[in-house]
Amino acid sequence: MRLAAHGLEFHAQGRAIVADVSLQVQPGETLALIGPNGSGKSTLLRLLAGLQPRGRGQVLLNDRPLQRMTRREIARCLAVVEQQAETSDSLTAWQVVQLGRTPWLSALSPFGPADADIIDESLAALGMAGMAERRWQTLSGGERQRVQIARALAQRPQILLLDEPTNHLDIHHQLALSRLIARLPLTVVMAVHDLNHAMTCDRLAVMSAGRLVACGPPRDVLTPDRLREIFRVNATLLTDPADGAALLRFHCLEEK
């Protein structure tokens, strides 16, 4: 499924948080949104999902305007995992993931064994099968993050929007989640801070002060000049001898 945005904007307190952003994401592509803190990445994701009120511009799903779709129709196409996703403390992990099936249920299509199987599969994919009966309030930040991503997978979307998906995760689960995302037969747009994680994506979109300043393959986008200008670091591009993967080593610029 294609995702396209034209002229997206959002202003708060007289300041442009997102300013005239246009981009297209191709089916099956993984696009990473990168940029310093406060550059507008999270707000852009919310605009793409139709969750940010008073936003301007247009988002298209397969050339269909988002504003002409119902929330149920959108939820059948697109799932979102935000940084601070909360839910009722009384729910178990299994019940939280069950919420992902809501867009597909109706009086004519009630919850059934197939839905339960999808929930079990989604929890297992995030390594949370053994914690299905744990209450939300007993889960750590990283465990909650994995449950929320499982909920999004249970939604069976074609597009997945993720805001800092590895936030709160230890290094093992960061790597496991990165591998899982790479294998998903979905269109993925995710905001990330780790530029080496971003290097594994198909394309990068660089945000700075609310504007999209570059978009393209990682090696084309993460140039030394752009890293100095946007992120205020010097960087050396290295090659992992084990698998040939590109890695960045950073050096902080001296403060003037």
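Residues numbered from 1 in each chain as written. Predicted model: local features only at pLDDT ≥ 70, side-chain atom pairs only at ≥ 80, totals over all residues. Heavy atoms only, no water.

- As recorded in an unreviewed UniProt entry, the protein chain goes by the name ATP-binding cassette domain-containing protein, listed as coming from Paracoccus limosus.
- Recorded in UniProt under Sequence similarities (unreviewed entry), the annotation for the protein chain is "Belongs to the ABC transporter superfamily." (UniProt positions renumbered as here; feature names shortened; annotations may be inferred.)

1. Considering the packing of helix α4 (residues 113–125) against helix α5 (residues 141–154)
Link 1 in the chain: Put simply, α4 and α5 touch, their axes get as near as 8 Å, and they point 140° apart. With respect to their mutual orientation, α4 and α5 come out oblique. You can see that α4 and α5 cross each other, and the crossing is right-handed. On α5, the residues touching Ile118, Ser122, Leu123 and Ala125 of α4 are Ala150, Leu153 and Ala154.
Link 2 in the chain: Here the residues of the contact of α4 with α5 sort into six nonpolar, one polar and no charged. (Axes fitted to C-alpha atoms, helices over the stretch in contact; angles between N-to-C directions. Helix = DSSP H or I, 4+ residues; strand = E, 2+ residues; numbered from the N terminus. Parallel < 35°, antiparallel > 145°, perpendicular 65-115°, else oblique. Left-handed = near helix turned anticlockwise from the far one by under 90°. Contact = heavy atoms within 4.5 Å. Nonpolar A, V, L, I, M, F, W, Y, C, P; charged D, E, K, R; others polar.)

2. Points about the environment of alanine 246
Link 1 in the chain: Within the element layout of this structure, alanine 246 appears in strand β12 (residues 246–252).
Link 2 in the chain: Taking relative accessible area as the criterion, alanine 246 reaches 16% and is therefore assigned buried.
Link 3 in the chain: The residues contacting alanine 246, other than those within four sequence positions of it, are Asn196, Met199, Arg219, Leu237 and Leu238. (Buried < 20%, exposed > 50% of the residue type's maximum accessible area, 1.4 Å probe, protein only.)

3. Digging into the pattern of salt bridges
Link 1 in the chain: This model, assessed by the stated rule, comprises eight salt bridges.
Link 2 in the chain: The partner of arginine 2 in a salt bridge is aspartate 63, with the nearest N and O atoms 2.7 Å apart. Taken together, the positions of arginine 2 in the segment before β1 (3–12) and aspartate 63 in the loop between β4 (56–61) and β5 (64–65) put the pair 61 residues apart, joining distant regions of the chain.
Link 3 in the chain: According to the relative accessible area criterion, aspartate 63 is exposed, its value standing at 55%.
Link 4 in the chain: Across the pair aspartate 225 and arginine 228 runs a salt bridge whose closest N-O atoms are separated by 2.4 Å. Remark: arginine 228 and aspartate 225 occur in helix α9 (residues 224–231); sequence separation between them is three residues, near one turn of the helix. (Salt bridge = Lys/Arg side-chain N within 4 Å of Asp/Glu carboxyl O.)

4. Section: the pairing of β12
Every other side chain in a regular strand lies on the same face of the sheet, so the side chains alternate between the two faces.
Link 1 in the chain: Bridge count for strand β11 (residues 233–239) against β12 is seven bridges, and the pairing is antiparallel. The partner of leucine 237 across the bridge, within β12, is leucine 248. (Pairing = 2+ DSSP bridges.)

5. Thoughts on the sheet that holds strand β9 (residues 203–208)
Link 1 in the chain: Read across the open sheet, the six strands follow the order β6-β7-β8-β3-β9-β10; overall the sheet is mixed. Each edge of the open sheet is held by one strand with a lone partner, namely β6 (78–81) and β10 (211–216). Within the sheet, the average angular offset between the axes of one strand and its neighbour, ignoring direction, is 15°.
Link 2 in the chain: As paired elements, strand β3 (residues 30–34) and β9 share four bridges and run parallel to each other. Bridge pairing in β9 places leucine 33 opposite alanine 205.
Link 3 in the chain: α9 contacts β3, β9 and β10 of the sheet and is inclined by roughly 35° relative to β9.

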